[in-house]
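# Fold and geometry: a report
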Amino acid sequence: MNRRDFLKGLAATSYVTLSGASVLAPLNALASTGANANDGWLTTGSHFGAFKMKRKNGVIDQVIPFDRDQYPTDMINGIKGLVYNPSRVRYPMVRLDFLLNGHKSDTSQRGDFRFVRVTWDKALSLFKDSLDEVQTKYGPSGLHAGQTGWRATGQLHSCTSHMQRAVGMHGNFIKKIGDYSTGAGQTIMPYVLGSTEVYAQGTSWPLILQESNTIILWSNDPYKNLQVGWNAETHESFAYLAQLKEKVKQGKIRVISIDPVVTKTQKYLGCEQLYVNPQTDVALMLGIAHEMVSQNLHDKSFIEGYSLGFDQFLPYLMGESDGVPKTPEWASKICGVSQEIIRDLAKVMTAGRTQIMMGWCIQRQQHGEQPYWMAAVLATMIGQIGLPGGGISYGHHYSGIGVPSSGAAAPGAFPRNLDEGQKPLFDNNDFKGASSTIPVARWIDAILEPGKTIEANGSKVTYPDIKMMVFSGNNPWNHHQDRNRMKRAFHKLECVVTIDTNWTATCRFSDIVLPACTTFERNDLDVYGSYANRGILAMQKMVEPLYESLSDFEIFTRFATLMGKGEQYTRGMSEFDWLKKLYNDCKADNDGNFAMPDFDTFWQQGYVHFGEGEPWTRHADFRDDPEINPLGTPSGLIEIFSRKIAQFNYDDCPGHPTWIEKTERSHGGPGSDKHPIWLQSCHPDHRLHSQMCESEQYRATYTVQGREPVFLNPLDAKQRGIKDGDIVRVFNDRGQLLAGAVVSNRFPQGIVRIQEGAWYGPVGKDGSKQGGNEIGALCSYGDPNTLTQDIGTSKLAQACSAYTCLVEFERYQGKVPEVSSFSGPIETLI
C-alpha cells in the first residue's frame, strides 16, 4: 500500500461518524505516515524555544532543548503532541449544508460540526468561487481577510503573509488595525511617550540589576509569560530573573508585585505582593500621585523640562476641578489598599532608583488606556525616565525584551503584499462608503451592525457589510469575547474559510477548512531571539506532512495557480529558492559586521551565532537632550495632558488620566450584586494562547477531570460546597462553561482565574457536540471567553475588554458531558 492509499484508509475511520462512534487513530498509526523520512538529529524552532529533534523510522522520537537554551520551558514536553494529536485537520473538508447550497446555505447550522471530505481541487475551487461571488455582488467591503494572530514561527511560511498575498491577488478586502494583546496600550502610548512602547526594546536587564533600588511589577508576571516568544525564544531573560531572585534574597533590590493574585513571578522571586481590588489600579496610582504632591516628593525640574500638561492634570488630582481630591483616603476606599501603604509607596518610589514594569492584562479592560497613561505620569513625577534602572517599561514580560540585542540584521520574510505593477483579478477599491480598515476587536460589531459609524482614535469608522471571512493560522474563536454573540454574528455570514493545522473552534464554525501542516513538517528559518536577535536558526523539516496537509507556501501556490497567477505568486521560486534568498539577503545586509557562512553550510550547521549585545537604556537619548532627541508626541515631550485627545471630546477618554467606573466591577462595584466574582482570563502558563492546548499528553498534566482548571479561593469554594477536583459550572448572562476546581490561597476571595486559550467545546442540551451551534450552549472544556464582555475599551482605542467580566460559579450537578473540543468533526457522506 502506498502512502497516499494508507492515508485514505486511515482518514476514512479517523473522525466521528454519523452513528456517533469515535474511531480515533492511535499515535503509532499517525506516526507511521512519515516513515520515508531520514532518521537523525535536526534543528528547529518554535514560539516555545529552539529544539533538537531526533527521528526514528521517520517519526519524531526525541525532543531536547537547543544547546544554547539554558532555561528551556516545560512546554518542550508538549512539542510532539503538536504534530501527533487527534485534533489534526487531516484533509480538506466542507460544511455539509454549504457543500449542498453554497452561499444560500442554512447558516444557523454553522457550528453543528457536520463536514464532508473533499479533494484539494474541489476545496480550492469552492474557495475561489466564493471569493468571486462576494467580489461580484458586494465588492471588497464584503470580504474581511484582515484578522491575524500569532501564526507559527518561520520567515517563509508565515500564514498571514501567504493568505493575504494570495487573497490580495484575487481582490481587495477589509483589514484590521491593532491587536488583542495590547490594543489599548499601543493606541494611547504614542500620545504620551511618542511610540507604542508595548513592542519596544526596554532597558537592558544588566542595567536594571545594577542600578535599580526598587522594581514595581504592576500586573506583570514575567516568569510565566517569558516562556514563549514571537520568534524562536532563547529564554535568556530567566538568567536575569535568577539574578534578581538572589538580589531580593540579599535585600539589594526591593521588588513589589502589585496584583490581585499571587503571581508565578512573585512566588519564584519571593518578593512582596500587594493586593489591589480588580480594575482599580488607576485609583491607586492617583492616590500615590496625590501623596507625592502633598509631601513635595515629585521631581519638579524633570516635570518642567521633559513633560507637558502637568498644570492641567494637577487640578483634577487635587480635586479643584471636580471637588474630589484623589487622596490616599479616597483611593483606599476604591482599590482596597490601605492609606498607610499608599503613602509608603509614594515614599519608596521616590526614595531611590525605581523601575516600573507594566503588564498587558491591565489594559485589556474597559478604559484600559487609563492605567498605562497614569503609570507614565507616575514615572514622570518620579523623574527617572531615561536613567538606567529607572523609568517605566511596558514589555519586559514579552519575547525577551530587556535582553541586550546583538544589533545584527534579521532575515526578511515572504512578501505579504502584491509586487509592484501587479493587479488583482477584481481590481475594485470601492468600499461603498464603509471603512476599509476597522479596529481589530470590532469585527463582530461590524457583522451585526453594518453601516454603523463609531468613533475610533480621532476618526470616524463606518462598519462594512461583511459577507465572507478568511482566517489562516488564526483562531478568533479563542481570542475574541462572548461566544454566543459571535454565533449570532456568524449566522449572518455567507461564507467562512479557515486554513489551520487543527480543528479549532474557528474551524468548527467555518464552511471550508483547509489542512495546513505544522512547523515541524516543512523547512524554514527564523530569528533566534525576537529582541536578543542572537542568531539565525535553521528550521529543518522533521517529518513529512501528515495526512493531506500542505505547507502554507504550497496551499496558496496552488490557489494562485487556480487564478492563473502561480508564477507571480512564487516569483518562479521554490521553497528552498526562497530560503536561500532570505538567508543570502540577510548575509549581504550583515556583510562586514557579522560573519555568516554560505547557505549550504548554514543549513548543515543549523545555526549562525551573532554574539552578545551591549546594555542599553530606553529613552536615554531623550533625557540627554529632549530638543535634539524629541519623543514622537506632538510636542516632542511626555504629554501628561494631551491637547489632541482632549479635542476628541470623548467622555470615556478625556485629555488626562482619569478614574472612570466600569460597567462590571467586583468587590462592591457595578454588577457585583448578581455576579459577585471577578474572572481573570490572563495568558496561560502551559501554552501560547490556544497553541499547545491540542497536545493531548501534555494537556493531561494540568487539566482536572479533563477540563481546564478554574482557580478558586478556599473560602469562596467552601461557601459553594466545592472541593478541589470538582467539576464547576461558571456562568453569567452571556454564557456558561465547565471547568475543574483548583482551590488555592494564591487567589483572594471574589476572584477566579481561568487562563485564556482553553479550546471552546460547546455541547447542546442533549450533551452532543452536534448541538454546539445552539445559542447558550455549554462549553464542555472551559473557554473563559464564553463569559467575557465584548465592548470597546473606549472611543479612543476600541480595543478588547476581556478583563471587565463578572461571573458566578457553582458545583456542577448531573451527568457531566464529554469534552467536545479536541476530537474533530462529524464526518458525513453524501
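Quantities reported herein were computed from a predicted structural model and do not represent experimental measurements.

Thresholds, definitions, all that
Residues numbered from 1 in each chain as written. Predicted model: local features only at pLDDT ≥ 70, side-chain atom pairs only at ≥ 80, totals over all residues. Heavy atoms only, no water. Helix = DSSP H or I, 4+ residues; strand = E, 2+ residues; numbered from the N terminus. Rg over C-alpha atoms; globule rule 2.2 N^0.38 Å. Areas by Shrake-Rupley, 256 points an atom, 1.4 Å probe, with all protein chains shown as cover. Lys, Arg positive; Asp, Glu negative; His and termini not counted. Charge placed at Lys NZ, Arg CZ, Asp CG, Glu CD. Salt bridge = Lys/Arg side-chain N within 4 Å of Asp/Glu carboxyl O. Buried < 20%, exposed > 50% of the residue type's maximum accessible area, 1.4 Å probe, protein only. Phe/Tyr/Trp six-rings, centres within 6.5 Å; stacked < 30°, edge-to-face > 60°. Lys NZ or Arg CZ within 6 Å of the ring centre and 35° of its normal. Pairing = 2+ DSSP bridges. 1 Å grid on protein atoms, 1.4 Å probe; cavity = no way out; pocket = protein on both sides within 12 Å on 5 of 7 lines; lining within 4 Å. Points joined across faces, edges and corners; volume = space filled by probe spheres on them. Nonpolar A, V, L, I, M, F, W, Y, C, P; charged D, E, K, R; others polar. UniProt positions renumbered as here; feature names shortened; annotations may be inferred. Axes fitted to C-alpha atoms, helices over the stretch in contact; angles between N-to-C directions. Core = buried A, V, L, I, M, F, W, Y, C linked by side-chain atoms within 4.5 Å. Contact = heavy atoms within 4.5 Å. pLDDT = per-residue confidence, 0-100.

Another point: the overall build of the chain. Helix and strand content of the chain: 29 helices and 32 strands. In terms of overall dimensions, the chain is globule-like: its C-alpha atoms have a radius of gyration of 26 Å, near the 28 Å expected for 830 residues. Judged by the C-alpha coordinates and their principal axes, the chain covers about 80 × 65 × 55 Å. Of the accessible surface of the chain, which amounts to about 28,100 Å², a share of 47% is contributed by carbon and sulfur atoms. Of the side chains in the chain, 82 bear a positive and 89 a negative charge, and the two mean positions are spaced by 4 Å.

For side chains bearing opposite charge, pairing can occur when the charged atoms are close. Under the defined criterion, the tally for this structure stands at 41 salt bridges. Taking the shortest distance from any N to any O, the salt bridge between E197 and R618 comes out at 3.1 Å. Taken together, the positions of E197 in the loop between α7 (183–192) and α8 (205–211) and R618 in the loop between β22 (607–609) and α26 (620–624) put the pair 421 residues apart, joining distant regions of the chain. As a salt-bridge pair, K467 and D465 come within 3.6 Å of each other at their nearest N and O atoms. Residue K467 is classed as buried on the basis of its relative accessible area, which comes to 17%. One network of salt bridges, with partners in common, ties together E291, E329, R343 and K347.

Counted according to the given criterion, the structure contains 46 aromatic pairs. In this structure an aromatic cluster arises from ring pairing among W150, Y199, W230, W360, Y398 and Y531. Sitting over the ring of Y91, R117 keeps its end group 4.1 Å from the ring centre. Note that R508 overlies the ring of F113, its terminal NZ or CZ placed 4.1 Å from the centroid.

Taking strand neighbours across the sheet as the criterion, the 7 strands line up as β6-β17-β18-β19-β4-β5-β32 in an open arrangement whose pairing is mixed. Lying at the two open borders of the sheet, with one neighbouring strand each, are β6 (143–144) and β32 (826–827). Relative to strand β5 (residues 114–117), strand β4 (residues 93–95) is paired through 3 bridges, and the arrangement is antiparallel. Looking across to β5, one finds that R95 is bridged to F115.

Inspection of every chain in the model, using the stated rule, returns 3 cavities of 30 Å³ or more. When its volume is computed, the largest cavity comes out at roughly 370 Å³. Where the lining of the largest cavity is concerned, the elements lending two or more residues are α9 (222–225) and β24 (677–680). Across the lining of the largest cavity, the residue classes tally to 11 nonpolar, 12 polar and 6 charged. Taken together, T203, Q355, I385, G386, G390, G391, I392, R618 and H619 make up the lining of the second largest cavity. For the lining of the second largest cavity, a count of residues per class yields 2 nonpolar, 6 polar and 1 charged.

Once that is clear, we can look at the UniProt feature "domain: Molybdopterin dinucleotide-binding" (unreviewed entry) in the chain. On the UniProt side, "domain: Molybdopterin dinucleotide-binding" (unreviewed entry) is annotated at positions that read residues 678–805 here. Here residues 678–805 is 8% helix and 21% strand, with 6 Å between the C-alpha atoms at its ends.

Moving on, we get to the sheet that holds β22. Sheet strands pair by backbone hydrogen bonding; their relative direction is either parallel or antiparallel. Sheet architecture is open: 3 strands sit in the order β20-β21-β22, paired in antiparallel fashion. In this open sheet, the two edge strands, each paired with only one partner strand, are β20 (524–528) and β22. The mean inter-strand angle of the sheet, taken between neighbouring strand axes irrespective of direction, is 15°. The pairing of β20 with strand β21 (residues 535–539) spans 5 bridges and is classified as antiparallel. Opposite Y528, over in β21, you have G535 as the bridge partner.

With that settled, consider the pairing of β5. When β5 meets β32, the two strands line up parallel, connected through 2 bridges. Paired with F115 across the bridge in β32 is E827.

With that settled, consider unusual backbone geometry. Residues other than glycine predominantly adopt negative phi, and peptide bonds predominantly adopt the trans conformation. Despite not being glycine, H235 has its phi angle at roughly 65°, a positive value. Looking at the element boundaries, H235 is found in the loop between α9 and α10 (237–250). Judged by its relative accessible area of 1%, H235 falls in the buried class. A positive phi angle is found at Y547, which is not glycine, with a value near 55°. The topology assignment puts Y547 in the loop between β21 and α22 (552–562). Given the relative accessible area of 4%, Y547 is considered buried.

A separate point is the nonpolar core. Soluble, globular proteins show a tendency: their nonpolar side chains are buried together. Core analysis: the largest hydrophobic core is formed by 96 residues, its most contacted members being W218, L284, I288, M358 and Y394. Here this core gets 10 residues from one element, more than from any other, and that element is helix α17 (residues 369–382). Non-local contacts of M358, meaning those with residues more than four positions away in its chain, are made with W218, N220, M285, P371, Y372, A375, I392, S393, Y394, G395 and H397. If you look at the next biggest cluster of nonpolar residues, it comprises 51 residues, including W120, F127, A166 and F599.

It is worth spelling out α7 at this point. Counting along an α-helix, one turn takes 3.6 residues, and residues three or four places apart therefore face a common direction. Across the 10 residues of α7, 9 count as buried, placing the element largely inside the fold. Among all positions in α7, only G183, A184, G185, Q186, T187, I188, M189, Y191 and V192 are buried. Next to the buried residues of α7 lie α17, β23 (638–639) and α27 (643–648). A positive phi of about 90° marks G194, the residue just after α7.

Moving on, we come to the confidence of the model for the chain. Averaged over every residue, the pLDDT of the chain is 94; the share at 70 or more is 95%. Contacts from residues 1–37, a stretch scored under 50 in pLDDT, to residues over four places away or in other chains number 72 contacts.

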